[in-house]
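# Architecture and fold: a report
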Amino acid sequence: MSNRKNGTLMEIIKNPNPAQWGQILKRPTQSLEALNNTVDEVFAQVRENGDEALKSYTKAFDGVNVADLAVSEEEFKAAEDNLSAALKKAILQAKSNIEKFHTAQQTPKVSVETQPGVRCWQEKRAIEAVGLYIPGGSAPLFSTVLMLAIPAKIAGCTSVILCTPPNEKGSIASEIIYTAALCGVKSIYKVGGIQAIAAMTFGTQSISPVSKIFGPGNQYVTAAKQAATKFGVAIDMPAGPSELLVMADASANPDFVASDLLSQAEHGADSQVVLVSTNETLLKNVSKAVVLQTKSLNRKVIIEQALKNMKLICVSDDSTAVDLINFYGPEHYIIATSNNSYFVDNVLNAGSVFIGDYTPESAGDYASGTNHTLPTNGYAKAYSGVNLDSFLKSITFQEISKEGLKNLGPTIELMAEAEGLMAHKNAVTIRLKTLSNES
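Residues numbered from 1 in each chain as written. Predicted model: local features only at pLDDT ≥ 70, side-chain atom pairs only at ≥ 80, totals over all residues. Heavy atoms only, no water.

## Quick look at the overall build of the protein
When helices and strands are counted, the protein shows 17 helices and 15 strands. Taken over the C-alpha atoms alone, the protein extends approximately 90 × 60 × 45 Å along its principal axes. The buried share of the protein, taken over its 439 residues, is 48%. Here the protein has roughly 20,600 Å² of accessible surface; of this, 50% comes from carbon and sulfur atoms. Charged side chains in the protein number 38 positive and 44 negative. The centres of these two groups are separated by 0 Å. (Helix = DSSP H or I, 4+ residues; strand = E, 2+ residues; numbered from the N terminus. Buried < 20%, exposed > 50% of the residue type's maximum accessible area, 1.4 Å probe, protein only. Areas by Shrake-Rupley, 256 points an atom, 1.4 Å probe, with all protein chains shown as cover. Lys, Arg positive; Asp, Glu negative; His and termini not counted. Charge placed at Lys NZ, Arg CZ, Asp CG, Glu CD.)

Below, the structure is given as structure tokens:
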């Protein structure tokens, strides 16, 4: 089924039986159940001890003493001064594109008269209080600030707080602070991991509780977000370690494909990249290019760990490839073939799709306009990536006139009686009697 030859990074898995796909494409993630004890302990401590627990866990997990959890006005000012004009310009361009795409997602009120005298409509309202989690550490993802804060602002969320882990100096990356301020976020806190999610769930002396938590993170953050739902707090989705699947055929540029695989592998040791092809030579050439390009990258150690989870899969035809890809449900999906439209038309499960040789996944991560907070670990089969609607609630309204109730009332009475809910029936009957007396 597979082979290993000199010059290739990994074995090539040839024509795997569909019964084996689940095992072959297994994600390198821990069971969330294995993390629950730690999550439960941190949640309990934060709920009971507030800021004190946050500072204690920040020392324990991040090795940093933080005196003041909130980013100060002085730190906001210093962050702007610390960034180059070129980077500020780049952030502004990305912000503009993301704003355009998410503003275009606004929809008008939906209103319909379902029958004479019965009017139903739907309107959207912003979630009032939202919390944004921004991964920090070795790669402070200020791009995620754009992806979350921009739609929150467009939606009209009135309270937006941001939590991100401090660096070894106990501070927040200037890029994160500057980008947050640019997007109108004024409440930033130096706390990450499980404790940050707990703080946004329960609230502490410094941090207000929120109604919904957004943002990617490691497996501990993912487990913590799911734990938050037990306490009435919504989350965007289970967004864990990053992943990418590339579908490429003989027409693809091996160097391009290798660079895309590496761009995701550098996210973390638990990231997964998959290459599917109908051409074994392409797989071999990409594998060699991966080895070559890795040598010059600054996150080489992390990449080499992630590449242990890499899969090179050779299938017999495009139809089989489509079935395998939809089975996997990738977070990021690149299509680089001579028949891109076939694969686009048959996408069922994917977080975000990138089409053609000149659409690197990095574009979506930063500046093309789409959102990069996406479902991982197969959740693309049921979840959407973050979008404007993620920050909104759809509320339905209805208004029935006297004539409308006369026409609809008997139907409601019959249905309520059939279900044995006589109080439901009576709520209609009492009104119909009043209307009858008026006539």
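Next comes the rest of the account.
## Some thoughts on the pattern of salt bridges
Oppositely charged side chains can form a pair if their charged atoms are brought close together. Within the structure shown, the criterion is met by 13 salt bridges. In this structure, E75 engages K190 in a salt bridge whose closest nitrogen and oxygen atoms are separated by 2.8 Å. Pair noted here: E75 is in helix α4 (residues 73–82) and K190 is in strand β7 (residues 187–190), with a separation of 115 residues, a long-range link. Where salt bridges share partners, they join K14, E280 and K284 into one cluster. (Salt bridge = Lys/Arg side-chain N within 4 Å of Asp/Glu carboxyl O.)

## A closer look at the sheet that holds strand β5 (residues 129–133)
Pairing within the open sheet is parallel, and its five strands lie in the order β7-β6-β5-β8-β9. In this open sheet, the two strands that pair with only one neighbour each are β7 and β9 (234–235). Pairing of strand β6 (residues 159–164) with β7, which is carried by four bridges, proceeds in the parallel orientation. Looking across to β7, one finds that L162 is bridged to I188. (Pairing = 2+ DSSP bridges.)

## Focus: the nonpolar core
Counting 40 residues, the largest nonpolar core has V130, L132, L162, I176, I188 and F391 as its most contacted members. Listed by contribution, the elements that provide at least two residues to this core are α4, α5 (85–103), β5, α6 (142–155), β6 and α7 (174–182). In this structure V130 touches A152, C157, S159, V160, I161, V210, K212, F214 and F391, once residues within four positions along its chain are discounted. Residues Y57, V66, Y189 and I235 belong to the second largest nonpolar core, which totals 35 residues. (Core = buried A, V, L, I, M, F, W, Y, C linked by side-chain atoms within 4.5 Å. Contact = heavy atoms within 4.5 Å.)

## As for the environment of A196
Following the sequence through the fold, A196 ends up in helix α8 (residues 193–202). In contact with A196, not counting residues within four places along its chain, are Y133, C163 and V191.

## A word on the sheet that holds strand β4 (residues 118–126)
Strand pairing in a sheet takes place through backbone hydrogen bonds and is either antiparallel or parallel in direction. Strand order in the open sheet formed by three strands is β3-β4-β15, and the pairing between neighbours is antiparallel. Looking at the sheet topology across the chains shown, the edges are occupied by β3 (110–115) and β15 (392–400). The average angle at which neighbouring strand axes cross in this sheet is 20 degrees, direction not considered. Note that β3 and β4 share five bridges and pair antiparallel. The residue of β4 that forms the bridge with V112 is C120. (Axes fitted to C-alpha atoms, helices over the stretch in contact; angles between N-to-C directions.)

## A few points about helix α3 (residues 51–62)
When the terminal C-alpha atoms of α3 are compared, their 16 Å separation across twelve residues agrees well with the 16 Å that a helix rising 1.5 Å per residue should span. Turning to α3, its buried residues number three or more, namely D51, A53, L54, Y57 and T58. Here the buried residues of α3 occupy an arc of 150 degrees about the axis, which is enough to place them on one side. For α3, the exposed residues lying more than 90 degrees away from the buried face are E52 and A60. (Expected span 1.5 Å × (residues − 1). Arc of directions from axis to C-beta.)

## Focus on the pairing of β5
For β5, a buried count of five out of five residues is recorded, marking the element as mostly surrounded by other parts of the structure. The two faces of β5 match: A129, G131 and Y133 on one face and V130 and L132 on the other face are all buried. Two strands pair when backbone bridges link them, and β5 and β6 are joined in this way by five bridges, in the parallel orientation. Looking at the pairing, L132 lines up with L162 of β6. Here β5 pairs with strand β8 (residues 212–214) via three bridges, running parallel. Along β8, the bridge assignment pairs G131 with I213.

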